[in-house]
Amino acid sequence: MDAAAPLLSVEDLRTHFFTVDGVTRAVDGVSFTVNAGETLGIVGESGCGKSVTALSILRLLPQRIGRIVGGRVLLEGEDLLGLDIGAMRDIRGNRIAMIFQEPMTSLNPVLTIGEQIAEAVRIHQGASAADALARAEEMLALVRISDARRRLGDYPHQFSGGMRQRVMIAMALSCNPKLLIADEPTTALDVTVQAQILKLMLELKERTGAAVMLITHALPVVAETCQRVIVMYAGRIVEMAEVTELFDRPLHPYTRGLMSSIPRLGAAARQKRLTEIPGLVPDLRKPVIGCAFAPRCPLADDHCRAEAPPLTEHLTAHQAACWKAGEAA
Amino acid sequence: MTAPVLSVEGLTKHFPVERGILRRAVAWVRAVDGVDFDIAPGETLCLVGESGCGKSTVARLVLRLTEPTSGAIRLGGTDITTLSESEMAPYRRKVQMVFQDPYASLNPRLRVGQIVGEPLENFENLGTAERNERVGAILAKVGLRPEAAGRYPFEFSGGQRQRIGIARALALRPELIVADEPVSALDVSVQAQVLNLLMDLQEEFGLAFLFVSHDLAVVEHIGHRIAVMYLGHIVEIGPKDDVLAEPAHPYTKALIAAAPVPDPRARREKLVIEGDVPSPLNPPPGCRFHTRCPFVFGRCREEVPLLKEIAPGRRAACHLLDQPA
Ligand SMILES: Nc1ncnc2c1ncn2[C@@H]1O[C@H](COP(=O)(O)OP(=O)(O)OP(=O)(O)O)[C@@H](O)[C@H]1O
Ligand SMILES: Nc1ncnc2c1ncn2[C@@H]1O[C@H](COP(=O)(O)OP(=O)(O)OP(=O)(O)O)[C@@H](O)[C@H]1O
Ligand code: SF4
Ligand code: SF4
Ligand SMILES: [Mg+2]
Ligand SMILES: [Mg+2]
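Residues numbered from 1 in each chain as written. Chains lettered and ligands numbered in written order. Predicted model: local features only at pLDDT ≥ 70, side-chain atom pairs only at ≥ 80, totals over all residues. Heavy atoms only, no water.

K.L.:
Please clarify how the site of ligand 2 should be interpreted in this entry.
P.N.:
Residues and elements named next belong to chain B. Around ligand 2 there are 13 residues in total, and Ser-51, Gly-52, Lys-55, Ser-56 and Thr-57 lie nearest to it. One nitrogen or oxygen atom from the main chain of Gly-54 is found 3.0 Å from an oxygen atom belonging to ligand 2. Thr-57 has a polar side-chain atom sitting 2.5 Å from an oxygen atom of ligand 2. Here ligand 2 loses 61% of its free accessible area of 630 Å² to cover by the protein chains. Counting only elements with at least two residues in the shell around ligand 2, the list comes to strand S2 (24–39) and helix H1 (55–62). Its residues assigned to classes, the shell around ligand 2 shows five nonpolar, five polar and three charged. (Near = heavy atom within 4 Å. Polar contact = N/O pair within 3.5 Å; in protein donor to acceptor, adjacent residues only side chain to side chain. Areas by Shrake-Rupley, 256 points an atom, 1.4 Å probe, with all protein chains shown as cover. Helix = DSSP H or I, 4+ residues; strand = E, 2+ residues; numbered from the N terminus. Nonpolar A, V, L, I, M, F, W, Y, C, P; charged D, E, K, R; others polar.)

K.L.:
Would you mind showing me how to read the packing of helix H5 (residues 158–170) of chain B against helix H6 (residues 188–205) of chain B here?
P.N.:
All names here are of chain B. At a minimum axis distance of 10 Å, the contact between H5 and H6 shows a crossing angle of 20°. It follows from the interaxial angle that H5 and H6 lie roughly parallel. Relative to H6, H5 is oriented so that their crossing is right-handed. Between H5 and H6, the contacting residues are Gly-159, Gln-162, Arg-163, Ile-166 and Leu-170 on the first element and Val-190, Gln-193, Val-194, Leu-197, Leu-198, Leu-201 and Phe-205 on the second. The residue inventory of the contact of H5 with H6, partitioned by class, reads eight nonpolar, three polar and one charged. (Axes fitted to C-alpha atoms, helices over the stretch in contact; angles between N-to-C directions. Parallel < 35°, antiparallel > 145°, perpendicular 65-115°, else oblique. Left-handed = near helix turned anticlockwise from the far one by under 90°. Contact = heavy atoms within 4.5 Å.)

K.L.:
Is there a simple way to think about helix H4 (residues 128–141) of chain B in this case?
P.N.:
Every α-helix carries 3.6 residues per turn, so stepping three or four residues along brings you back to the same face. All names here are of chain B. Between the first and last C-alpha of H4 there are 20 Å, a value that for 14 residues agrees with the 20 Å anticipated at 1.5 Å per step. Within the sequence span of H4, burial applies to Arg-134, Val-135, Ile-138 and Leu-139. Seen end-on, H4 carries its buried residues on one side only, within an arc spanning 135°. Of the exposed residues in H4, the ones pointing more than 90 degrees away from its buried face are Ala-129 and Glu-133. Lining the buried residues of H4 we find helix H3 (112–123) and H5. Downstream of H4 by one or two residues, Gly-143 has phi in the positive range, about 80°. (Expected span 1.5 Å × (residues − 1). Buried < 20%, exposed > 50% of the residue type's maximum accessible area, 1.4 Å probe, protein only. Arc of directions from axis to C-beta.)

Below, the structure written as structure tokens:
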């Protein structure tokens, strides 16, 4: 394949949940690419479809109720949605690795840390038991867990939250994936530990050359770690740009609202009140007519309420889904 | 100077770790270990620090939801530390609480009108009509429609439920509201609504807040003074602007450095401190921060640094501050 082709390409992805109280359009026509080695951030508020996008790429949706109803997910040109279960299992943990928010639930409580890392290495790389254990020790040292050899025999509950998340990073990167999907990897951690983990993740990413898709609800985290950013709202992408471009020139009223509603260190003296985004996130079980942000948007007019704005390029490599992208409120 | 609404002195809470059928205490979690502060009328004191440092325990002690191991709590000059439940009654209404979890903290079987009206029922002898009127007025204050009174908590979003919790806390016109991470569970766009509401209410009613949070940016926004906690101790306390602009304690510096900044141009080599917060079961001897402090020296490992005045209204606990400059 040609060198400029993206590593991952998601095209018009639609994922719905079918439950007793209706159909939730969790992901509703999402398209984006991830380039080899880049760090892409996906931000948006609770329920906007970030995790479901990630789970759809890995085909890990809850069975029966969650279904991909449309679109394609191309990894180096190959459509993952067409693969059988076995082939998909080979992709997960090898070419695409994932880290979740809660490291406790992703580790097996009855196996030692060493056994779990070694197991992951063995499955994915077919190493011998002894080699796998040696590699596990190396990995622990790499994520700066001191006294690695002794700690291999510890169980997950003997590790702190930050150490468990470091183990998850070690396991995820142990088989040199092309893409690491990290879904809120630091949200459950303390501020000082969060800073350590993000730093570590980026260092290891540099070393292995993996691309990272970092999912977070926190714009500040994106500002500090990502090269490109996708902003989601109600199951769709509303804005996409390179990170400094997005922070310098946010085009979508939702992005602008988010940026001015986050309290910033050092800004309080100047602005006493925070800018609010009035109203609430829409209920994704109800069909959305027109722009999903219209009920909260200071610029909304009849056109907005009648017809959904497509994601289009307004500035170089800077897309937004808004009829009035960039207009002042 | 006006008398403080709240002052605590030497406040301490050690939780026993019990073993065996006799439930003998085999160890103690030193959750809060000798904390002093006061809050003036209309003032917001923010308590910041990382998970497990004892913030919620301080909040619960102040409300007498947990009994202190030692120390004193004074409300408007009266020592309430050892008052009985019935002696507490007149003080209960002066201090109200807003909780972190807007989902768990409201009784799902009561209508909003009953939730907000309940404290009025307990403390004030009002007729039904009068009570409903008061409830309606409070709901309006927190930005909810009067119809909300007839609905149940599950019919509301997180931000709206937090407003209901605030309305309940306001019903008795308290002097002090203890708010434990009141916006941490909310989305940023909704968080701004609730923070603004709290500041408006403070201005209107002269409320004082003890505001617990781990988010420094939120604290900078809402606080007048900041107390930074680490493993059960206050390591630094002072006016917000001074503490944030010129932190004196190495832990405060580390916290500020770790807070992500929403500006990609501000990316910089950060002072990232290593290691995790140690367990309060076996806090490190000497300065409790010494296992992670980039400036640690000999004395830190043996001697506990005391919280000393470093400038008018500012105190910090670090041996470095004793060194001649
Ligand atoms: N198992 C499920 N069953 C039914 N609906 C679901 C399920 N998982 C997710 N959803 C719905 O899909 C939508 C998107 O959820 P998703 O988990 O992707 O949100 P998110 O952006 O990751 O939010 P958060 O920041 O809270 O993690 C939500 O409306 C959610 O209610
Ligand atoms: N009822 C209890 N019994 C035993 N230990 C307790 C109890 N309540 C709290 N602790 C312990 O006391 C310490 C302080 O807890 P606290 O809840 O006050 O922390 P916090 O600063 O509020 O943390 P967070 O930010 O996670 O809410 C912790 O180590 C906690 O495990
Ligand atoms: S399309 Fe209209 S309603 Fe939607 S964000 Fe743009 S201006 Fe607002
Ligand atoms: S007393 Fe020592 S270890 Fe503690 S904060 Fe000061 S310099 Fe660091
Ligand atoms: Mg999620
Ligand atoms: Mg707490």
